[in-house]
Amino acid sequence: MLEKLLDGPKTFYMWLLFLLVVIAGCGLVYLDQLYNGLSVTGLSRDVSWGLYISQFTYFVGVAASAVMLVLPTYFHHYKKFKRMIIFGEFMAVAAVVMCALFIVVDLGQPQRMLNVMLHPSPNSVMFYDMMVLIGYLGLNIIIGWVTLEAERHEIDPPKWIKPLIYLSILWAFSIHTVTAFLYAGIPGRHYWLTAIMAARFLSSAFCSGPAILLLLMMVLRRLTSFDPGKEAVKTLTTIIVYAMCINVFFYLLEIFTAFYSGIPGHEEPIHFLFFGHGGHLTWVSYWMWGAVIMAFASLALLIPPKLRENANVLPIALIMLVLASWIDKGLGLLVAGFTPNMFEAFTPYMPSAKEIAVALGVYAIGALVLSLLWKIALGVKMEVNQMHD
């Protein structure tokens, strides 16, 4: 099926060239970081996790969100998702690749990552997180490729793939649950020390991941003649609405628990996020208030069926939802977790320009992987449709 990469329009290859240029430019910045160390980032002794780890966390959720297509299709035999399930699985592959790369760039010496496998520590959550991510990547590559090959030949997938599909459903929940345990298991970080951290992670993943998939499918529909199906879009949008409602509800539970209990350790991180410190708003406060506005605005547009089924309103609502979840999980989660620190001191953190450039390079690699995989999937589906015509 790799030959499908050779018959694309010129715009596709221009897009790939653009991504390669971005990767090369950002790669030079990473070489500078590799030579000079993490001092070129905004990280410090008190703030050891930053933009890289926050993006790792967010894209683990994007990877796990593929289960929102796989579960209804194979557990409930909802055939409407059949047209775009392969795109969700391949998006999960690209997301896991990005997760791995964000861990690599976060390490001062990337070769140390091998120590997790060469010297395993079963009592370490990081060990399990790495194992489940590697396993999930393998599952999605195998399932996606085998089912796409079967679709190309218009035959049923081999019987041995079914157990792997069911395993991938459980595995999807596990990757984000284990990632949540990385945070919730640290007693000195009050913002993360909550029993519903894993539930919050899953709810945010199950709304933002499918929202990203739908937005990309809209772009694909505009660029090609491929249509995922009106009913499939309608059903997936409904799933997104429920997940986003649960996500917002969980965050409100955190706010109630923190401020009604009056426990300073739980109050201060949230207060810092939204109201700053010493009477001055920090840079992240503006982002957080923007996230609140966009989260409720997206729900206002998505909850009424007539609005969310409007082709002009839906993309706007989904974009706001994705931005709101990204700000909460991709910025606020890390900043609040490290503020204040365990000695009740405030150490400001802001990503440096080089840190942002390296992150953009990882994004570009993810976009490259996604573009290549989706081109193959689209080529197969177009071939099958032409045979039927």
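To keep things clear, this report deals only with the structure shown in the data block. Computed from a predicted model, the values in this text were never measured in an experiment. (Residues numbered from 1 in each chain as written. Predicted model: local features only at pLDDT ≥ 70, side-chain atom pairs only at ≥ 80, totals over all residues. Heavy atoms only, no water.)

**A few points about the overall build of the protein**
Quick note on the threshold: Strands here are runs of E lasting at least two residues and helices are runs of H or I lasting at least four, both read from the DSSP assignment and numbered beginning at the N terminus. In this setup the radius of gyration rests on C-alpha atoms only. A globule is expected at 2.2 Å times the number of residues raised to 0.38. Three exposure classes are used, based on accessible area relative to the maximum for each residue type with a 1.4 Å probe and protein chains only: buried under 20%, partly exposed in between, and exposed over 50%. The criterion used for residue contact is that any of the two residues' heavy atoms lie within 4.5 Å. What sets the accessible areas is the Shrake-Rupley method with a 1.4 Å probe; for residues, cover comes only from the shown protein chains. Positive charges come from Lys and Arg alone, negative charges from Asp and Glu alone, with His and the N- and C-terminal ends not counted. For this purpose, a charge sits on NZ of Lys, CZ of Arg, CG of Asp or CD of Glu.
Summing up its helical and strand segments, the protein has 14 helices and 0 strands in all. Tracing the protein from N to C terminus, the helices and strands come up as α-α-α-α-α-α-α-α-α-α-α-α-α-α. At 21 Å, the protein has a C-alpha radius of gyration in line with the 21 Å of a compact globule built from 389 residues. Its C-alpha atoms give the protein principal-axis dimensions of about 70 × 50 × 40 Å. Classification of the 389 residues of the protein by burial places 53% in the buried group. For the protein, the proportion of contacts with a sequence separation of at least 24, taken over those separated by at least 6, is 78%. Summed over its atoms, the accessible surface of the protein is roughly 18400 Å², and 72% of this surface lies on carbon and sulfur atoms. A gap of 7 Å separates the mean positions of the 23 positive and 22 negative side-chain charges of the protein.

**A few points about empty space enclosed by the protein**
Counted only if it meets this: Using only the protein atoms, space was sampled on a 1 Å grid; points where a 1.4 Å probe fits but cannot get out form cavities, open sets with protein on both sides within 12 Å along at least five of seven lines form pockets, and lining residues are those with an atom within 4 Å of a point. Grid points are joined across faces, edges and corners, and a volume is the space filled by probe spheres set on the points. The classification used treats Ala, Val, Leu, Ile, Met, Phe, Trp, Tyr, Cys and Pro as nonpolar, Asp, Glu, Lys and Arg as charged, and all other residues, Gly among them, as polar.
Overall, the coordinates contain 5 cavities of 30 Å³ or more when judged by the stated rule. Its volume calculated, the largest cavity comes out at about 60 Å³. Residue lining of the largest cavity: R200, F201, S204, N247, D328, K329 and L333, and that is the complete set. Here the residues of the lining of the largest cavity are counted per class, giving 2 nonpolar, 2 polar and 3 charged.

**Let's talk about the environment of Y74**
Looking at the element boundaries, Y74 is found in helix α3 (residues 67-75). For Y74, a relative accessible area of 10% corresponds to the buried category. Here the alpha-carbon distance between Y74 and I169, two residues 95 residues apart in the chain, equals 9.6 Å. The residues contacting Y74, other than those within four sequence positions of it, are K82, I85, T147, K162, I165 and Y166.

**Quick notes on the pattern of salt bridges**
Put simply, the test is: Any carboxyl oxygen of Asp or Glu within 4 Å of a side-chain nitrogen of Lys or Arg constitutes a salt bridge here.
Under the defined criterion, the tally for this structure stands at 8 salt bridges. As a salt-bridge pair, E254 and R200 come within 3.7 Å of each other at their nearest N and O atoms. Residue E254 is located in helix α9 (residues 230-261), and its partner R200 is located in helix α8 (residues 197-223); the two are separated by 54 residues in the primary sequence. When the shortest N-O distance is used, the salt bridge between D328 and R200 registers 3.7 Å. Note that D328 is positioned in helix α13 (residues 313-337) and R200 in helix α8, a separation of 128 residues in sequence. Of the two residues examined, D328 and R200, each falls in the buried class. Bridged by salt links that share partners, the residues R200, E254 and D328 form one connected network.

**What about the nonpolar core?**
Selection criterion: Residues belong to a common nonpolar core when they are buried Ala, Val, Leu, Ile, Met, Phe, Trp, Tyr or Cys residues joined through side-chain atoms within 4.5 Å.
Counting residues in each nonpolar core, the largest one holds 121 residues, and the members touching the most others are F87, F102, Y183, W192 and L273. Element by element, the count of residues in this core is highest for helix α4 (residues 85-106), at 16 residues. Of all hydrophobic cores here, the second largest spans 7 residues; its members include L16, L19, I23 and A367.

**What about the layout of surface pockets?**
Empty space within the largest pocket amounts to approximately 1100 Å³. If you go around the largest pocket, you meet 32 residues; those closest to its centre are W15, L216, L370, S371 and W374. For the lining of the largest pocket, the secondary-structure elements that each account for two or more residues are α1 (10-36), α2 (51-64), α4, α8 and α14 (353-388). For the lining of the largest pocket, the class distribution of residues is 22 nonpolar, 6 polar and 4 charged. Its boundaries defined by the atoms lining it, the second largest pocket holds a volume of some 580 Å³. Y74, K82, T147, E151 and P157 are the residues nearest the centre of the second largest pocket, which is lined by 25 residues in total.

**Section: the packing of aromatic side chains**
Rule in force here: Geometry of aromatic contacts follows a simple scheme: Phe, Tyr and Trp rings, the Trp one being its six-membered ring, pair when their centres are within 6.5 Å, and the pair is stacked under 30 degrees between planes, edge-to-face over 60, tilted otherwise. As a reminder, the over-ring test applies to NZ of lysine and CZ of arginine, requiring each to be within 6 Å of the ring centre and within 35 degrees of the ring normal.
One pass over the full model with this rule turns up 24 aromatic pairs. Residues F275 and W289 carry aromatic rings whose centres are separated by 5.9 Å and whose planes lie at 70 degrees to one another, so their mutual orientation is edge-to-face. With F275 in helix α10 (residues 264-275) and W289 in helix α11 (residues 283-302), this pair connects stretches of sequence that are 14 residues apart. When its relative accessible area of 44% is taken as the criterion, F275 is described as partly exposed. One aromatic cluster in this structure is built from W49, Y183, W192, F201 and F338. If you follow K329 out to its NZ or CZ, it ends over the ring of F201, 5.1 Å from the centre.

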